[in-house]
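Residues per chain, in single letters:
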Amino acid sequence: MKKLSFLLTLVAVFNSCNQSKLTKIAPDVITEFTLNDTDDPAIWVNPENVEKSIVFGTDKKTNGAIYAFDLNGKIIEEKTIRNIKRPNNVDIEYGFQLNDSTKTDILVFTEREKQQIRMFSVPDMKPLDGGGFKVFEDETLEENKLPMGVGLYKSPKDAKVYAIVGRKTGPADGYLYQYALNADSLGITSNYVRKFGKFSGVKEIEAIAIDDENGFVYFSDEGVCIKKYYAEPSLGSEEISCFGGEYFSEDIEGIAIASYTDGHGYLIVSNQQKGEFNIFDRETNAFITAINLSTTETDGCEAVTVPLNDMFKNGLFVAMNDEKNFYFYDLGKLGLQ
C-alpha cells in the first residue's frame, strides 16, 4: 500500500511539474458539446458574409460526425455531417474547379474505419466523392491503411488541388500520400501522385498543415520535431527541415498557420501535455514564444487572419479541447502582431 501511495505521489508531482506556469488566456467562445471525442477543426470564411462563417470540427468515433458551428459556438445541425466511421482530421480549400464555369469551396476529411477520405462542397454540404476515395491502397498491412491527418494544397502554379494524407501507423519513409483531386464530365476522382515524409518511429504522425502561398507542408512527427517538405510534387520529396522539438514536453500535435497578406505569419503548434501552444515564425521557422490558452490535451487547431465580427476583429483561432468541445479566440489574444 505504501508503494502504491508513493507511486501516486510521484505521478502527481510529475504532472504538476509538467503543467504550464504561463498565465491562462480564456477563450471568447466555448462550443456546444459533441457526442464523443473532438479532434480537429477547420474554418470556412464565408465570402459573402464573414459573420456567417462556419467552424467545422471532427468527432472521432464509429458513430462520428463533422460538426458545424456558428461563430457563437452553436451547432448548425443542417450543416453537420453525421454517421461517419471515425473521422479524424478535416481541412478546407477554396475555389475547387468543378467544370469550366463552376467553382466550389470544399471540405475534406479522413474516415479511418473505411480507409478513405471524404469530400463535400461548402456551404451546401453535398458529397462530391461518390461515397469516398480509398487511400493507401498499395499497402499490404491493414494497420498501415488507416488514415488520420489530412491537409489540402492548392498549387499557385496551376490551381490544382491536392489532398495530403497521413495515417495511424506507417513506414520510416513514405508515411504521407499525396492525391490530386480532379474533376471532369464524369465526376471527381482522387489520383495517387506520390508518397513522401520520413517518420522517426517514435509515437505517430497526425497533424498536417499546408502553407499554400509558400508551397510548404508541415507535419508533426509527434515525438521528435515539426517536419517541413515541399507541397508541390515537382519540387521533390527531400526533407527541408526538422525543427522545434526541444520546445515540446511530450507530444507535438496540431499545427495552425496564421498567414497575413503582406507575407509574414506564424505557425501555432500544440504542446499537448504541457497545455501550451508554441509559436514559430512562418518564414524562418524560428521559435518565438509559448502561450497558455487554457485548453486541455489539444489535438487539432486552426487559424484565419480575416476579421469576422465584433468578437473576432483580428481573425479567429480555434483549438480542440478535451471536453468534447472547441475553444474560439480572437486572434489578437495570441499576441502575434
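Note that the structure is predicted; figures quoted are calculated from it, not measured.

### Quick notes on the pairing of strand β19 (residues 265-271)
For step 1, the next point in the chain: Burial runs high along β19: seven of the seven residues are buried.
For step 2, the next point in the chain: Because side chains alternate across β19, one face comprises the buried residues Gly265, Leu267, Val269 and Asn271, and the other comprises Tyr266, Ile268 and Ser270, equally buried.
For step 3, the next point in the chain: Note that strand β18 (residues 252-259) and β19 share six bridges and pair antiparallel. Counterpart to Ile255 in the pairing with β19 is Val269.
For step 4, the next point in the chain: Between β18 and β19, which pair antiparallel one after the other, the connecting turn spans five residues, and Gly263 there sits at a positive phi close to 100°.
For step 5, the next point in the chain: Across six bridges, the pairing between β19 and strand β20 (residues 276-281) is antiparallel. Residue pairing for β20: Val269 is matched across the bridge by Asn278.
For step 6, the next point in the chain: Between β19 and the antiparallel strand that follows it, β20, lie four residues; Gly275 among them carries a positive phi value of about 75°.

### Notes on the confidence of the model for the protein
For step 1, the next point in the chain: Mean pLDDT for the protein: 95, with 95% of residues reaching 70 or above.
For step 2, the next point in the chain: In the model, residues 6-15 has pLDDT below 50 throughout and makes one contact with residues more than four positions away in sequence or in other chains.

### As for the packing of aromatic side chains
For step 1, the next point in the chain: Inspection of every chain in the model, using the stated rule, returns 23 aromatic pairs.
For step 2, the next point in the chain: For the pair Phe277 and Phe317, a centre-to-centre distance of 5.5 Å together with 90° between the ring planes defines the contact as edge-to-face. One end of the pair, Phe277, is in strand β20; the other, Phe317, is in strand β23 (residues 316-321), and 40 residues separate them in sequence.
For step 3, the next point in the chain: In this structure Phe277 comes out as buried when scored by relative accessible area, which is 0%.
For step 4, the next point in the chain: Measuring from ring centre to ring centre gives 6.2 Å for Phe317 and Tyr329, while their planes differ by 45°; the resulting arrangement is tilted. Remark: Tyr329 occurs in strand β24 (residues 325-330) and Phe317 occurs in strand β23; sequence separation between them is 12 residues.
For step 5, the next point in the chain: We classify Phe317 as buried; its relative accessible area is 0%.
For step 6, the next point in the chain: Tyr329 sits in the buried class, given a relative accessible area of 0%.
For step 7, the next point in the chain: Within the aromatic cluster, the residues linked to one another by ring pairs are Tyr218, Phe243, Tyr247, Phe248, Phe280 and Phe287.

Cut-offs used in this document
Residues numbered from 1 in each chain as written. Predicted model: local features only at pLDDT ≥ 70, side-chain atom pairs only at ≥ 80, totals over all residues. Heavy atoms only, no water. Buried < 20%, exposed > 50% of the residue type's maximum accessible area, 1.4 Å probe, protein only. Helix = DSSP H or I, 4+ residues; strand = E, 2+ residues; numbered from the N terminus. Pairing = 2+ DSSP bridges. pLDDT = per-residue confidence, 0-100. Contact = heavy atoms within 4.5 Å. Phe/Tyr/Trp six-rings, centres within 6.5 Å; stacked < 30°, edge-to-face > 60°.

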